[in-house]
Amino acid sequence: MVRWIQDPAARQSIAAEILHALPQWFGLPDSTAQYVRTCGSLPFWTWLEEDGAPSGFIALQETSPCAAEILCMGVLPHLHRRGIGAALGRAARDWAIGQGYEFLQVKTVQRGRYPEYDRTNAFYEALGFRPLECLPELWDPHNPCQLYIMALPGAAAERDSHAAGA
């Protein structure tokens, strides 16, 4: 089940445990350590198994007053394709809608570079993300950054109604 985690140390511990189990995606020690540190201060959800063990997480950060980004997400490899990532994605999306964000975005490696990232791209597309643009030099030439975006329902209409009444 999906649970909101408030304790910064718990967020970091969960992120570290899961990211270290995903070296195909998070194999750069400095980068992984930065994700773990940053997760301590972000909106953060985890998937807890029946025994209370975390098996996945998602962390969001604000990128502008109208957009939030999935900064980091992971599910233990032996539990991929069981709906955990989708449930975490829905929880983050619902929270972003409740916060009034208009868009949710995520960055990953462009499709066609590595099989594991092709699966990642397919996952985000299945959640409803659409490719916005590729930023080929953001990370490095071997890992062109694909930016995906999702328009969030209701947020723009709510913003426009507040602006009209102001």
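Just so it is clear, the model here is predicted, and its values are computed rather than measured.

Side note on the packing of helix α1 (residues 8-20) against helix α2 (residues 29-39)
Then, number 1: Packing of α1 against α2 brings their axes to within 8 Å, and their N-to-C directions diverge by 150°. Our classification of the angle between α1 and α2 gives roughly antiparallel. Here α1 runs over α2; the crossing is right-handed. Residues R11, Q12, A15, A16, L19 and H20 of α1 touch α2, and the partners they reach there are T32, Y35, V36, R37 and C39.
Then, number 2: Its residues assigned to classes, the contact of α1 with α2 shows 6 nonpolar, 3 polar and 2 charged.

Points about unusual backbone geometry
Then, number 1: For R81, which is not glycine, the phi torsion reads 65° and is therefore positive.
Then, number 2: Its location among the elements puts R81 in the loop between β4 (67-75) and α3 (84-98).
Then, number 3: Under the relative-accessibility criterion, R81 is labelled exposed at 85%.

Some points on the pattern of salt bridges
Then, number 1: Tallied over the entire structure, the rule returns 3 salt bridges.
Then, number 2: Residue K107 pairs with E69 through a salt bridge whose shortest N-O separation is 2.8 Å. In this pair, K107 is assigned in strand β5 (residues 103-109) and E69 in strand β4, connecting sequence segments 38 residues apart.
Then, number 3: For E69, a relative accessible area of 6% puts it in the buried group.
Then, number 4: A salt bridge links D94 to R93; the nearest nitrogen and oxygen atoms lie 2.9 Å apart.
Then, number 5: Take D94: its relative accessible area is 43%, and that puts it in the partly exposed class.

Some words on the packing of aromatic side chains
Then, number 1: Summed over the entire model, instances satisfying the criterion amount to 9 aromatic pairs.
Then, number 2: Relative to F57, the ring of F44 lies with its centre 5.1 Å away and its plane at 10°, an arrangement referred to as stacked. In this pair, F44 sits in strand β2 (residues 44-48) while F57 sits in strand β3 (residues 54-64), placing the two residues 13 residues apart along the sequence. You'll find F44 and F57 in the same group, each marked buried.
Then, number 3: For the ring pair Y124 and F129, a centre distance of 5.7 Å and an interplane angle of 85° mean the geometry is edge-to-face. This pair shows no difference in class: Y124 is buried, exactly as F129 is.
Then, number 4: Taken together, the aromatic side chains of W4, W45, W95 and Y101 make up a single cluster linked through ring pairs.

Thoughts on the pairing of β5
Then, number 1: Burial analysis of β5 places 5 of its 7 residues in the buried class, the great majority of the element.
Then, number 2: Two strands pair when backbone bridges link them, and β4 and β5 are joined in this way by 4 bridges, in the parallel orientation. Each bridged residue has a counterpart across the sheet, and for A67 the counterpart in β5 is F103.
Then, number 3: Between β4 and its parallel partner β5, the chain crosses via α3, and the hand of that crossover is right-handed.

How each quantity is defined
Every chain is numbered independently, its residues counted from 1 as its sequence is written. For a predicted model such as this one, the threshold for reporting local features is a pLDDT of at least 70, and the threshold for listing and counting side-chain atom pairs is 80 or more; totals across whole chains, interfaces and linings nevertheless cover every residue. Side-chain metrics rest on all non-hydrogen atoms present in the structure, leaving aside hydrogens and water. Here the axes come from fitting lines to C-alpha atoms, over the contacting stretch only for helices, and the angles between their N-to-C directions go from 0 to 180 degrees. For the purposes of this entry, the term helix denotes a DSSP run of H or I that reaches at least four residues, the term strand denotes a run of E that reaches at least two, and both are numbered from the N terminus. For classification purposes, angles smaller than 35 degrees are called roughly parallel, those larger than 145 roughly antiparallel, those between 65 and 115 roughly perpendicular, and all remaining angles oblique. Crossings are sorted by hand: turned counterclockwise from the far helix by less than a right angle, the near helix makes the crossing left-handed, and turned clockwise it makes it right-handed. Contact criterion: two residues are considered in contact whenever any of their non-hydrogen atoms come within 4.5 Å of each other. When residue character is reported, Ala, Val, Leu, Ile, Met, Phe, Trp, Tyr, Cys and Pro are called nonpolar, Asp, Glu, Lys and Arg charged, and the others, Gly included, polar. Under the scheme applied here, a residue whose accessible area is under 20% of the maximum for its type counts as buried, over 50% as exposed, and between as partly exposed, the area being computed with a 1.4 Å probe on protein chains only. The rule for a salt bridge is simple: a side-chain nitrogen of Lys or Arg has to be within 4 Å of a carboxyl oxygen of Asp or Glu. When two rings of Phe, Tyr or Trp (its six-membered ring) have centres within 6.5 Å they constitute a pair, described as stacked for plane angles under 30 degrees, edge-to-face for angles over 60, and tilted for the intermediate range. Only when DSSP finds a minimum of two bridges between them are two strands counted as paired. Handedness of a crossover is defined as follows: orient the strands so they point away from the viewer, and if the path from the first strand over the helix to the second runs clockwise, the crossover is right-handed.

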